[in-house]
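Read off the chains here:
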Amino acid sequence: MVGKKIILAVTGSIAAYKAAHLVRLLVKKGAEAQVLMTPSAASFITPLTLSTLSKKPVFTEIISDSAWNSHVELGLWADAMVVAPATANSLAKLAHGICDNLVSAVYLSARCPVFLAPAMDLDMWKHPSTQENVRRLKSFGNHFLPVGYGELASGLVGEGRMAEPEEIVTFLEGFFQRKQDFSGRKVLITAGPTYEAIDPVRFIGNRSSGKMGMAIAEEFARRGASVTLLLGPSKLNPAHPGIQTVRVESAREMHEAALQFFETTDIAILSAAVADYRPRNVAEQKIKKAGDSMTLELEKTPDIAASLGKMKRSGQFIVGFALETTDELKNASEKLVKKNFDFIVLNSLKDAGAGFNFDTNKITILHRDNMRTDFELKTKAEVAEDIVNEVGRCIGVLAF
Ligand code: PMT
């Protein structure tokens, strides 16, 4: 933690008293802690206490005497932002981009990883609105400290206690240690759908949103890799500065870009849903409606994965994906071998919440020696972490 710049945002919960201990631990570990408070947090613990412990002034207002835009500067300054305690109200604001206090404004400006330590009563925590906000915030790539179980301030017993300051610091230390485990590695990722033009108006496409590939790109970038993301037509924009995005439309464009970057790639993750066929002829003008039926002649697109699999040299590592609807394991195993992947990530449209466009996915990882790991349904950010960890174990970056 030495030299790490940490924003500690304290919101209005009784657990705010734990912020004093958290600041103390961060400072003891050598971190620079900048405390922000919502106005209601200041009812639970005084800014004076936290500023004395952090040895810095505590900020509570978006507009200060000296500047109006400190939230932008703070967002850029930090290596990590920790919201502890994070109330149900604050989670709701952060999940929906509401920006009516300094904490929510800095959150929107932050380019660093954000850690949220919820604290609230058990029914508030269990409420579908809160759980939906948590799910939404996770899908944006935020990290959650698990809530604890025990006696709550209301006297009720259940889940909702804020993680202990020691747990939060251990979590942060783990994150920073792991963060750089892919430093110096070049990662190429394909993501999203491809569009194959029929005429200037229509195309053959598919339902991929790009979320899965984007989550993998973000995870590698967070952990120090230099990432090139070949992204088919998708509304998403990567937030991490370590990601170079090359936007493509068709399988042919994605193939050309992949061939260009693969030479210098250490790890390729092929999560794009690439069209297997495209119209043989693309009409220059919009095709007019005529007759009761029409026939499109299709030809094969280049198989990007198979091309890279053929080019793969010692030291390069390729992960493929398989999206299946029947005979999942058999089909995925065949693709694994045929395309010369090092392992393949299978997702099936038979599993609720898995595949296209969901914020969640349920995967099985299959290796060439038939070793297989089945994962639970998780957010795509968590699935990305599982996949990146598996790559890390295979190439010797992670021990376990
Ligand atoms: O983008 P999301 O909405 O988050 O959805 C994620 C996803 C469902 C698209 C993703 O998890 C996924 O499964 N991607 C692969 C989908 C697919 O096209 O699988 P496939 O079984 O058809 O292809 C096998 C492998 O070959 C894949 O790695 C694919 O990228 C690759 N391929 C396929 C055809 C082709 N012409 N070139 C390729 O590189």
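Residues numbered from 1 in each chain as written. Predicted model: local features only at pLDDT ≥ 70, side-chain atom pairs only at ≥ 80, totals over all residues. Heavy atoms only, no water.

### Remarks on the site of the ligand
So the rule is basically this: In these notes, residues near a molecule or strand are those with any non-hydrogen atom within 4 Å of it. Accessible areas in this description were obtained via Shrake-Rupley with a 1.4 Å probe; residue shielding takes into account the shown protein chains only. Each helix corresponds to a stretch of at least 4 residues labelled H or I by DSSP, and each strand to a stretch of at least 2 residues labelled E; elements are numbered beginning at the N terminus. Residues are grouped as follows: nonpolar covers Ala, Val, Leu, Ile, Met, Phe, Trp, Tyr, Cys and Pro; charged covers Asp, Glu, Lys and Arg; every other residue, Gly included, is treated as polar.
Lining the immediate surroundings of the ligand are 30 residues, of which Ser 209, Leu 270, Lys 335, Asn 347 and Asn 357 lie closest. Burial of the ligand by the protein amounts to 96% of the accessible area it has alone, namely 780 Å². Secondary-structure elements contributing two or more residues to the shell around the ligand are α9 (211–222), α11 (304–311) and β16 (317–324). The element contributing the most residues to the shell around the ligand is β16, with 5 residues. Residues belonging to the shell around the ligand are distributed by class as follows: 13 nonpolar, 10 polar and 7 charged.

### Here we look at the packing of helix α10 (residues 251–262) against α11
Counted only if it meets this: What counts as an axis is a line fitted to C-alpha atoms, over the stretch in contact for a helix, and the angles between N-to-C directions run from 0 to 180 degrees. Here is the rule for angles: anything less than 35 degrees is roughly parallel, anything more than 145 is roughly antiparallel, 65 through 115 is roughly perpendicular, and the remaining ranges are oblique. Should the near helix be turned anticlockwise from the far one by less than a right angle, the crossing is left-handed, and should it be turned clockwise, the crossing is right-handed. Contact criterion: two residues are considered in contact whenever any of their non-hydrogen atoms come within 4.5 Å of each other.
Where α10 meets α11, the axes come as close as 10 Å, and the angle between the chain directions of the two elements is 20 degrees. Relative to α11, the element α10 is oriented roughly parallel. The two elements α10 and α11 cross, and the hand of that crossing is right-handed. Within the contact between the two elements, α10 uses Ala 251, Met 254, His 255, Ala 258, Leu 259 and Phe 262 and α11 uses Ile 304, Ser 307, Leu 308 and Met 311. Tallied by class, residues from the contact of α10 with α11 come to 8 nonpolar, 2 polar and no charged.

### So, the sheet that holds strand β3 (residues 80–86)
Selection criterion: Note: two strands are recorded as paired if DSSP finds a minimum of 2 bridges between them.
Read from one edge of the open sheet, 5 strands run β2-β1-β3-β4-β5, paired in parallel fashion. Strands with a single pairing partner mark the edges of an open sheet, and in this sheet they are β2 (32–37) and β5 (143–144). Pairing between strand β1 (residues 5–10) and β2: 6 bridges, direction parallel. The residue bridging Leu 8 from the neighbouring strand is Val 35, located in β2. Strands β1, β2, β3 and β4 (114–118) of the sheet are contacted by helix α5 (residues 102–109), whose axis makes an angle of about 130 degrees with β2.

### Focus on the side chain of Thr 87
Mapped onto the elements of the fold, Thr 87 is located in the loop between β3 and α4 (88–95). When sequence neighbours within four positions are dropped, the list of residues in contact with Thr 87 reads Thr 11, Gly 12, Ser 13, Ala 119 and Met 120.

### Some details on a nonpolar patch on the surface
Formally: Surface patches are defined over residues having more than 30% relative accessible area and no salt bridge, joining like charges when they lie within 9 Å and nonpolar side chains (Val, Leu, Ile, Met, Phe, Trp, Tyr) when within 5 Å. A side-chain nitrogen of Lys or Arg and a carboxyl oxygen of Asp or Glu constitute a salt bridge if their distance falls within 4 Å.
On the surface, a nonpolar cluster with roughly 370 Å² of combined accessible area is contributed by Tyr 277, Met 294, Leu 296 and Leu 298. Locating Leu 298 in the fold gives a position in strand β15 (residues 298–300).

### Remarks on the pairing of strand β8 (residues 186–191)
Using the following cut-off: Only protein chains enter the accessibility calculation, which uses a 1.4 Å probe; a residue whose area is less than 20% of its type maximum is buried, one above 50% is exposed, and one in between is partly exposed.
For β8, the buried fraction is high: 5 of the 6 residues fall into the buried class. Here β8 pairs with strand β11 (residues 226–231) via 6 bridges, running parallel. When the sheet's bridge partners are listed, Leu 188 is paired in β11 with Thr 228. Judged from the 4 bridges that link them, β8 and strand β13 (residues 267–270) form a sheet pairing that is parallel. When the sheet's bridge partners are listed, Val 187 is paired in β13 with Ile 267.

### Quick word on the sheet that holds strand β19 (residues 363–367)
Taken together, 8 strands build an open sheet; the order of strands is β12-β11-β8-β13-β16-β17-β19-β20 and the sheet is mixed. Two strands in the sheet have a free side with no partner beyond their single neighbour: β12 (243–247) and β20 (372–374). Neighbour-to-neighbour, the strand axes of the sheet open up by a mean angle of 15 degrees, direction not taken into account. Against the sheet, helix α12 (residues 328–338) engages β16, β17 (343–348), β19 and β20, with an angle of about 150 degrees to β17.

### A word on the side chain of Lys 93
Turning to its location among the elements, Lys 93 is positioned in helix α4. Leaving out residues up to four positions away in the same chain, Lys 93 has contacts with Ile 98, Asp 100 and Asn 101.

### Looking at α4
Counting along an α-helix, one turn takes 3.6 residues, and residues three or four places apart therefore face a common direction. Among the 8 residues that make up α4, 6 are buried, leaving the element largely enclosed by the rest of the structure. Buried within α4 are the following residues: Ala 88, Ser 90, Leu 91, Lys 93, Leu 94 and Ala 95. Where α4 is buried, its residues contact β3, α5, β4, α6 (122–126), α7 (128–139) and β5. Trailing α4 by a residue or two, Gly 97 shows a phi angle of about 70 degrees, which is positive.

### Describing the packing of aromatic side chains
The criterion, for reference: Stacked, tilted and edge-to-face are the three classes applied to pairs of Phe, Tyr and Trp rings, where Trp contributes its six-membered ring and a pair requires centres within 6.5 Å; stacked means planes under 30 degrees apart, edge-to-face means over 60, and tilted covers the rest.
Here the structure, examined in full by the defined rule, presents 6 aromatic pairs. On the numbers, 3.7 Å between centres and 10 degrees between planes, the contact of Tyr 195 with Phe 203 is stacked. By relative accessible area, Tyr 195 is classed as partly exposed at 25%. You can call Phe 203 partly exposed: its relative accessible area is 41%. On the basis of an interplanar angle of 65 degrees and a centroid distance of 5.9 Å, the ring pair of Phe 317 and Phe 343 is categorised as edge-to-face. On the criterion of sequence distance, the pair formed by Phe 317 in strand β16 and Phe 343 in strand β17 is long-range, its members being 26 residues apart. Each member of the pair, Phe 317 together with Phe 343, is buried.

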